[in-house]
Amino acid sequence: MNRADAKSLLDELWRRGAEFLGCDVAIMGGAMTWVSERNLVAAISNAGGFGVLACGSMSPDLLGKEIDATGALTQRPFGVNLIVMHPQLMQLAEVCVGRRVSHVVLAGGLPPADVLAYLKSAGTKVIAFAPALAIARKLVRSGVDGLVIEGMEAGGHIGAVSTGVLAQEILPQVREVPVFVAGGIGRGEAILAFLEMGAAGVQLGTLFACATESIAHPNFKKAFIRAAARDAVPSVQLDPRFPVIPVRALANQATKRFMEAQRDIIARHDRGELGIKDAQLAIEHFWAGALRRAVIDGDVESGSLMAGQSVGMVTKEQSTRAIVDELIAQAIDQIVAREARARRAVPAAG
């Protein structure tokens, strides 16, 4: 098989995802707060993928300005990621509809029925995260148009199950809507494998964090480029009375201080100095502003370096288009090599 035929096969494998997103290649950009802003999102879409803005804690007014600014940098489709716990979720959804955003990704929990109904009534495609097969089926019944299954190898807030296990659990069972696989994906060969398992496409975050178009501080990018997979570790919970939502990030001085802070806060609670609610809030607030300190200010010691385990495959700063092209080339190389092996394995006739 030549490379042109291999590319045609790859195009066919992710055709469903690409048509669903309205792009050339079914590679979604993961929504990384402070990183997935107008420049990187537009660059991913311009490279043929599907950029996704990270709304995070933005106000409706700020989100509207960011959508407008992104639209000024690309004529290609892009989406917006909204956190379902945001107190102004409906207003944010209205901003997306008003600016004709084609896809909204609802993250951080089950989509509220009223927001989901509003978006769908406006013709917006809704994508949600499914951490288990039962939830995937529930989301499909609720009317979502697409799913992301994200394994614990991902950066930022993570679940308890690996990408490979989630893919095996969900891809053979959920065919009604396109399913995109995420978490720890850093090469085209892995993308090809998930497509052949039934995925419509993939979502990548960490691999794009050091793109030329990313506004992340040079110190942040250097930390990623120097890191190995084992350096991206989940945050640790010391006491079940004080739950910590696990977040995967590069270990640094802030990671150690978080452990010390937990011990101090728990001890203060045990001495009767802090109530349970105040103690829980104090632990939650430890990381407030930490991601911005790392991404924007370049403070890679006291900031939070959220990264997936694919960070070990980030070896240099390069353009978003080069990253996408490299992933495609790796997938094509895998198809060509596999076909060559198959031909060698068949005995010659006669």
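Residues numbered from 1 in each chain as written. Predicted model: local features only at pLDDT ≥ 70, side-chain atom pairs only at ≥ 80, totals over all residues. Heavy atoms only, no water.

**Quick notes on the overall build of the protein chain**
At step 1: The number of helices and strands found in the protein chain is 14 helices and 11 strands.
At step 2: Seen through its principal axes, the protein chain has C-alpha atoms that stretch 85 × 45 × 40 Å.
At step 3: For the protein chain, buried positions account for 49% of its 350 residues.
At step 4: Between the centroid of the 36 positive side chains of the protein chain and the centroid of its 35 negative side chains there is a distance of 2 Å. (Helix = DSSP H or I, 4+ residues; strand = E, 2+ residues; numbered from the N terminus. Buried < 20%, exposed > 50% of the residue type's maximum accessible area, 1.4 Å probe, protein only. Lys, Arg positive; Asp, Glu negative; His and termini not counted. Charge placed at Lys NZ, Arg CZ, Asp CG, Glu CD.)

**A few points about the sheet that holds strand 7 (residues 156–157)**
The strands that make up a sheet pair up through hydrogen bonds in the backbone, lying either parallel or antiparallel.
At step 1: Taken in spatial order, the three strands of this open sheet run 7-11-10, and their pairing is antiparallel. Every other strand in the sheet has two partners, leaving strand 7 and strand 10 (232–234) as the edge strands with one partner each.
At step 2: Taken together, the two bridges between strand 7 and strand 11 (residues 247–250) define a ladder with antiparallel strand orientation. The residue of strand 11 that forms the bridge with G156 is R248. (Pairing = 2+ DSSP bridges.)

**Points about the side chain of E153**
At step 1: Tracing the sequence through the fold places E153 in the loop between strand 6 (146–150) and strand 7.
At step 2: Buried charged residue E153 carries no salt bridge. Nearest counter-charge: R248, at 6.6 Å.
At step 3: If near-sequence neighbours (up to four positions away) are discounted, E153 is found in contact with S162, T163, G164, G183, G184, R248, G308 and Q309. (Salt bridge = Lys/Arg side-chain N within 4 Å of Asp/Glu carboxyl O. Contact = heavy atoms within 4.5 Å.)

**Looking at the nonpolar core**
At step 1: I27, L63, L82 and L147 are the most contacted members of the largest nonpolar core, which totals 96 residues.
At step 2: Ignoring sequence-local partners within four residues, the contact set of L147 consists of I127, A128, A130, A136, L139, V140, V174, V177, P178, V179 and F180.
At step 3: By size, the runner-up hydrophobic cluster in this structure holds eight residues, among which are F242, L274, A279 and I283. (Core = buried A, V, L, I, M, F, W, Y, C linked by side-chain atoms within 4.5 Å.)

**Some points on the environment of A26**
At step 1: On the secondary structure map, A26 appears in the loop between helix 2 (15–21) and strand 1 (27–29).
At step 2: The exposure class assigned to A26 is buried, which follows from its relative accessible area of 0%.
At step 3: Between the alpha carbons of A26 and G49 there is a distance of 6.2 Å; along the sequence they are 23 residues apart.
At step 4: In this structure, A26 is in contact with W14, G17, A18, L21, F180, A200, G201 and V202, ignoring residues within four places of it in sequence.

**Details of the side chain of R248**
At step 1: Looking at the secondary structure, you find R248 in strand 11.
At step 2: Among the polar contacts made by the side chain of R248, one reaches the main-chain carbonyl oxygen of A154 at a distance of 3.4 Å.
At step 3: In terms of polar contacts, R248 uses its side chain to reach the backbone carbonyl oxygen of A232, at 2.8 Å. (Polar contact = N/O pair within 3.5 Å; in protein donor to acceptor, adjacent residues only side chain to side chain.)

**Some points on the pairing of strand 8 (residues 179–182)**
At step 1: Side chains of strand 8 alternate between two faces, with V179 and V181 and F180 and A182 buried alike.
At step 2: Of the strand pairs in this sheet, strand 6 and strand 8 are connected by four bridges, and their pairing is parallel. Each bridged residue has a counterpart across the sheet, and for E150 the counterpart in strand 8 is A182.
At step 3: As defined by bridge partners, strand 8 adjoins strand 9 (residues 201–204) across three bridges and the pair is classed as parallel. If you follow V181 over to strand 9, its bridge partner there is V202.
At step 4: Since strand 8 and strand 9 lie parallel, the crossover through helix 9 (residues 188–197) that links them has a hand, and here it is right-handed. (Right-handed = clockwise from strand over helix to strand, strands pointing away.)

**What about the pattern of salt bridges?**
Pairs can form between side chains of opposite charge whenever their charged atoms are close.
At step 1: Under the counting rule described, the total for this entry stands at 16 salt bridges.
At step 2: Ionic pairing is found between R271 and E273, a salt bridge with its closest N-O pair at 2.8 Å.
At step 3: Salt bridges sharing partners connect three or more residues here, namely D239, R241 and D270.

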